[in-house]
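# Remarks on the overall topology
The chain contents come next:
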Amino acid sequence: MTDNPHNFAEADDFALADEFALAAESTPLLPVILDAIAREGGRITFAEFMGLALGHPEHGYYSRKDLRWGKDGDYETSPEVHPIFGYLWARQILECWERLGRPEEFALVEPGAGSGAFMAAILTWLRARAPECFEAARPTVLDGHPHRLDQQRATLAARGFAPPAYEVEHALTEDWLARPGRVTGIVISNEFFDALPIHLMEREGDDPRELYVTSEGGRLALEAGETSTAAIAAYFDALGLRPGEGATAEVGLAARDAMQRFAARVERGYILTTDYGYEARELYASWRTQGTLMAFRGHSPQPDPLGQPGRTDLTYHVDFTTLATAAAQEGFESAPLTTQAEALSVLGLADALRAAGERAHEDVHRYAAERRAAETLTDMSGLGRIAVLAMAKGAPLDGLRCLQPIESLMRRA
Ligand SMILES: C[S@@+](CC[C@H](N)C(=O)[O-])C[C@H]1O[C@@H](n2cnc3c(N)ncnc32)[C@H](O)[C@@H]1O
C-alpha cells in the first residue's frame with residue numbers, strides 16, 4: 001500500500017489524444033448525421049451528407065442565423081469584395097432587357113443570393129443609371145432557408161429596396177421553382193450551383209463506384225460501394241467520357257436538375273451563371289485524380305470535408321457542359337465559357353477605374369481600395385478565373401456584351 005491510491009501504470013494516456021480530437025470535430029450536426037447513417041443501414045451518400053452539412057434546417061452551414069459573409073466569414077465571394085461587381089453585371093442586365101424588347105415586366109431572379117449584396121448592387125446601379133429598366137424589373141431573391149431570406153431582406157431594405165418604395169420578392173428556391181407559369185427576364189447567380197449536393201464517385205475499371213459516408217468509432221469516414229443510382233453512370237454516358245482510372249470525381253446531379261428547372265421557368269430570356277468550374281472534358285481530365293471538392297473554414301482550406309459538419313463550407317467545381325445541356329433541353333442556347341476577369345473587363349471595369357482615377361486626389365485611400373477591388377475580382381489565380389456561362393432562349397445571344405473579346409475593346413479605344 002502506497003500513499004498514492006491511484007494506479008495509472010496501465011493507462012494509455014497517449015490514446016486520450018483520440019478522444020480529444022473527436023471532441024474537437026463534434027458539432028451539433030454530427031449526431032444528426034450519425035443517426036441518418038444508422039437509420040440507412042450504416043452509410044449515406046455524399047450527396048445526403050452534403051445536403052445535411054449545408055442545408056439541415058437547424059444546424060446546416062447555410063441555415064445558421066449568424067452566418068457571416070465577406071472578410072469576416074469563411075470565404076469571400078465577388079459581390080462581397082466590392083459593389084462594382086454588381087454594378088458591372090447590372091450593365092449586362094440592362095442590355096438583356098433591351099434585347100428582350102424592353103418588357104414592361106422583367107423578371108430579375110437571383111438564386112442563392114448570400115448576404116443580398118449582389119442584388120443590392122444591381123438594383124443600386126439600375127436605379128441610378130437605368131430608371132426605366134429599374135421600374136420594369138421584378139426582382140426575386142431566392143435562397144434555401146428563412147434565415148438567409150431575412151438577411152437578404154434586411155440588406156435590400158437598408159438600401160431602400162423594400163415596400164412601399166420598391167417591391168422585391170423573397171422566396172424559397174424550391175417554392176419558386178415549383179410554381180406554374182413562366183417569366184420573361186433573367187436568372188443570374190454567383191457561386192450558387194457549386195453549393196448544391198454532389199455524389200462522389202471513384203472510377204474503377206469501366207464502372208463507377210460511389211463513395212459513401214459511414215462512421216468509424218463515432219468519426220465520419222468514406223467508404224466505396226456500388227453506385228446508389230443508375231443516374232451516375234448515365235451522367236457520364238451522356239457526356240461520352242469517364243474520369244481517369246482510379247480518380248475521384250464529383251457528380252452534380254442536383255445542380256443539373258436545378259438548372260433544368262430554372263430553364264423551364266423562363267419563357268424568354270437569359271441565364272447568366274458565374275461559378276468555379278470547367279467544361280466536362282477539362283473537369284474530368286484523366287490527370288485530375290482527386291476531384292475538386294474543397295472544404296473551407298475561416299478563409300482556410302480544410303484537409304477533411306467530413307470534419308466539423310455544419311461549421312465547414314463545402315464546394316466543388318461545376319460541370320458547365322452538363323449545366324448547358326440541361327438548359328438546352330428547355331430551349332436555351334449557350335455561348336462558350338468566358339472568365340470573370342474577361343467579362344468584367346468588357347463590361348467596363350477599366351472605364352470605371354479610369355473615372356475613379358480622375359477623382360483620386362479627393363480621397364486617395366478610397367481610390368486605392370477601388371483599385372485593389374478591381375485586382376481581386378480579376379486575379380486569375382483567384383476570383384478572376386471563375387467561369388461565366390451565358391445562355392439565351394427566344395432572345396439573341398450573339399454579341400452579348402459580356403461575351404465580347406477583349407480585343408474589341410482595344411479596337412474601340
Ligand atoms: C457560396 S454561397 C454564394 C452566395 C452569393 N451568391 C455570393 O456570391 O456571395 C451559396 C448560396 O446558395 C445558397 N444555397 C446553398 N444551398 C442551397 C440550396 N440547396 N437551395 C437554395 N439555396 C442554397 C446559400 O444559402 C448561399 O446563399
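What counts, and at which threshold
- Residues numbered from 1 in each chain as written.
- Predicted model: local features only at pLDDT ≥ 70, side-chain atom pairs only at ≥ 80, totals over all residues.
- Pairing = 2+ DSSP bridges.
- Helix = DSSP H or I, 4+ residues; strand = E, 2+ residues; numbered from the N terminus.
- Axes fitted to C-alpha atoms, helices over the stretch in contact; angles between N-to-C directions.
- Near = placed C-beta within 6 Å.
- Nonpolar A, V, L, I, M, F, W, Y, C, P; charged D, E, K, R; others polar.
- Core = buried A, V, L, I, M, F, W, Y, C linked by C-beta atoms within 7 Å.
- Buried ≥ 20, exposed ≤ 12 C-beta atoms within 10 Å, placed from the backbone.
- Domains from an automatic or database assignment.
- Contact = placed C-beta atoms within 7 Å.
- Left-handed = near helix turned anticlockwise from the far one by under 90°.
- Parallel < 35°, antiparallel > 145°, perpendicular 65-115°, else oblique.

## As for the sheet that holds strand β14 (residues 313-315)
Spatially, β13-β12-β14 is the arrangement adopted by the three strands of the open sheet, whose pairing is antiparallel. With one partner strand each, in any of the chains shown, β13 (300-302) and β14 form the two edges of the open sheet. Direction aside, the axes of adjacent strands within the sheet are offset by 40° on average.

## Structural notes on the site of the ligand
Around the ligand sit 19 residues, and of these Tyr62, Thr77, Gly112, Gly114 and Gly144 come closest. A per-class count over the shell around the ligand returns eight nonpolar, seven polar and four charged.

## Some thoughts on the nonpolar core
Ile93, Ile122, Ile186, Ile271 and Leu323 are the most contacted members of the largest nonpolar core, which totals 104 residues. With ten residues, helix α5 (residues 84-99) is the largest single contributor of residues to this core. Counting residues domain by domain, this core receives three or more from each of domain 1 (62-198 + 252-412) and domain 2 (199-243). Those residues in contact with isoleucine 271 that lie beyond four places of it in its chain are Val187, Phe262, Ala263, Val266, Ala327, Phe332 and Met391.

## What to know about the domain arrangement of the protein chain
For the protein chain, the domain assignment lists domain 1 (62-198 + 252-412) and domain 2 (199-243). Contributing elements (two or more residues each) for the side of domain 1 that touches domain 2: α12 (280-283) and α13 (320-328). A per-class count over the side of domain 1 that touches domain 2 returns five nonpolar, two polar and one charged.

## Some points on the environment of leucine 126
Following the sequence through the fold, leucine 126 ends up in helix α6 (residues 117-129). Residue leucine 126 is classed as buried on the basis of its C-beta count, with 25 C-beta atoms lying within 10 Å. Taking the C-alpha atoms as reference, leucine 126 lies 9.2 Å from alanine 137; in sequence the two are eleven residues apart. The contact partners of leucine 126, leaving out residues within four places of it in the chain, are Ala90, Leu94, Cys133, Phe134 and Ala137.

## Looking at the pairing of strand β5 (residues 183-190)
Burial analysis of β5 places eight of its eight residues in the buried class, which makes it a mostly covered element. Relative to β5, strand β2 (residues 106-111) runs parallel, the two sharing three bridges. Bridge pairing in β5 places leucine 108 opposite isoleucine 186. Pairing of β5 with strand β10 (residues 266-275) involves eight bridges; the strand directions are parallel. Across the sheet, asparagine 190 pairs through a bridge with threonine 274, a residue of β10.

## Remarks on unusual backbone geometry
Cis rather than trans, the peptide bond between proline 163 and proline 164 has omega equal to 5°. Positive phi is not limited to glycine here, since arginine 102 has a value of about 50°. You can see arginine 102 is positioned in the loop between α5 and β2.

## Notes on the packing of helix α11 (residues 253-264) against α13
Taken N-terminus to C-terminus, the directions of α11 and α13 make an angle of 35°; their axes are 8 Å apart at the nearest point. Like other packed secondary-structure pairs, α11 and α13 cross with a definite hand, here right-handed. From α11, Ala255, Arg256, Met259, Gln260 and Ala263 reach across to α13, where they touch Thr322, Leu323, Ala326 and Ala327. For the contact of α11 with α13, the per-class residue count stands at six nonpolar, two polar and one charged.

## Digging into the packing of helix α2 (residues 29-39) against helix α3 (residues 46-55)
The interhelical angle for the contact between α2 and α3, taken along N-to-C directions, is 155°, at an axis separation of 10 Å. When the axes of α2 and α3 are compared, the pair comes out roughly antiparallel. For the pair α2 and α3, the crossing hand works out as right-handed. Contact residues: α2 offers Leu29, Val32, Ile33 and Ala36, while α3 offers Glu48, Phe49, Leu52 and Ala53. Of the residues assigned to the contact of α2 with α3, the class counts are seven nonpolar, no polar and one charged.

## Side note on the pairing of β2
Burial within β2 is extensive, with six of its six residues counted as buried. Side chains of β2 alternate between two faces, with Phe106, Leu108 and Glu110 and Ala107, Val109 and Pro111 buried alike. Note that β2 and strand β3 (residues 137-143) share six bridges and pair parallel. Note on β3: the bridge partner recorded for alanine 107 is arginine 138.

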